[in-house]
Amino acid sequence: MVDPKIVSFYTPDYKPYAEALQASAKTFGLTVHAGLLGSFDSWHAVVMYKPRFILQMLESLERFDESQGVLWVDADACFRAKPDFQILTECDFAATQFRWSLGHPWEMLTGTLFFRNTPRVKDFIQMWSSLTEQNWKHHDTPEQMGLKEAWELNKKEQLPLRYLDLPVTWTWILPEFDNLYSGVPFIVHLQASRTMRK
């Protein structure tokens, strides 16, 4: 049985969003452990910190238990229903892949992510962090590009991580996905950075 620790972080400007995220999770008996960080120089610096924070949260788990892990959810998201965590049982790492059209490249969305509590997963997150900072710090979505690159490299290893492509209902981007998909989302993402990024 998978019972992930749900984590997030927020800067002072995002406090109302983080509080709304925690309140929405509580409605379904869930707890979001959200850390308040200081201000960053830029929006890029904030999202580039994501892998390091997730790694810290994995390392903070009270016991080493490979049946557990962390579920990252962006602070400007809300729970609309309780996700079925059992779909995470056989994976080490989970994310939603999406492309806007046949002419667009696939994106590995980072609004909702699952990572199992294992040494190999922690090594993978460290690689994600390093690649993001080394290769993608000037890109519009540096943490997405870094994660995609890390995953492409991991797939070439003799024993790659077990990956699950999370359904879009776990990473539902408003308002666009309302027009692209049907169904009831578990977690909706408000994309507040569109108006708040520096």
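Quick note: structure is the one above.
Residues numbered from 1 in each chain as written. Predicted model: local features only at pLDDT ≥ 70, side-chain atom pairs only at ≥ 80, totals over all residues. Heavy atoms only, no water.

**Examining the sheet that holds strand S9 (residues 187–189)**
The following threshold applies: Two strands qualify as a pair provided that DSSP identifies no fewer than 2 bridges between them. We count a stretch as a helix when DSSP gives it H or I for four or more residues in a row; a strand needs E for two or more, and each element gets its number in order from the N terminus.
Read across the open sheet, the three strands follow the order S4-S9-S8; overall the sheet is mixed. The outermost strands of the open sheet, each flanked by one partner alone, are strand S4 (77–79) and strand S8 (172–173).

**Quick word on helix H3 (residues 50–59)**
Put simply, the rule reads: Exposure is judged per residue with a 1.4 Å probe applied to protein chains only, and the accessible area is read against the type maximum: over 50% gives exposed, under 20% gives buried, and values in between give partly exposed.
Within H3, seven of the 10 residues are buried, leaving the element largely enclosed by the surrounding structure. For H3, the set of buried residues is Lys50, Pro51, Phe53, Ile54, Leu55, Met57 and Leu58.

**A closer look at the sheet that holds strand S5 (residues 93–98)**
Going by this rule: A fitted line through C-alpha atoms serves as each axis, taken over the contacting stretch for helices, and the angle formed by two N-to-C directions is quoted from 0 to 180°. Here a residue-residue contact requires only that any non-hydrogen atoms of the pair lie within 4.5 Å.
The six strands lie next to each other as S2-S1-S3-S6-S5-S7, forming an open sheet whose pairing is mixed. A strand with exactly one partner marks an edge of an open sheet, and here the two such strands are strand S2 (32–36) and strand S7 (163–165). Strand-to-strand twist of the sheet, defined as the mean angle between neighbouring strand axes without regard to direction, takes the value 30°. Of the pairings in the sheet, the one linking strand S1 (residues 5–10) to S2 comprises five bridges and is parallel in character. Of the residues in S2, the one forming a bridge with tyrosine 10 is leucine 36. Contacts from H3 reach S1, S2, strand S3 (69–73) and strand S6 (107–116), with the element oriented near 145° to S3. Across the sheet, helix H4 (residues 119–135) is in contact with S5 and S6; its angle to S6 comes to roughly 150°.

**Description of the pairing of S5**
It is a general feature of regular strands that their side chains alternate between the two faces of the sheet. Here S5 lies mainly inside the structure; five of its six residues are buried. For S5 and S6, the ladder comprises five bridges, and the chain directions are antiparallel. Among the inter-strand pairings, alanine 94 is bridged to a residue of S6, identified as phenylalanine 114. Pairing analysis gives three bridges linking S5 to S7, with the strands arranged parallel. Within S7, the position partnered with alanine 95 by the bridge is aspartate 165.

Everything listed is a geometric property; what it means functionally is a separate question.
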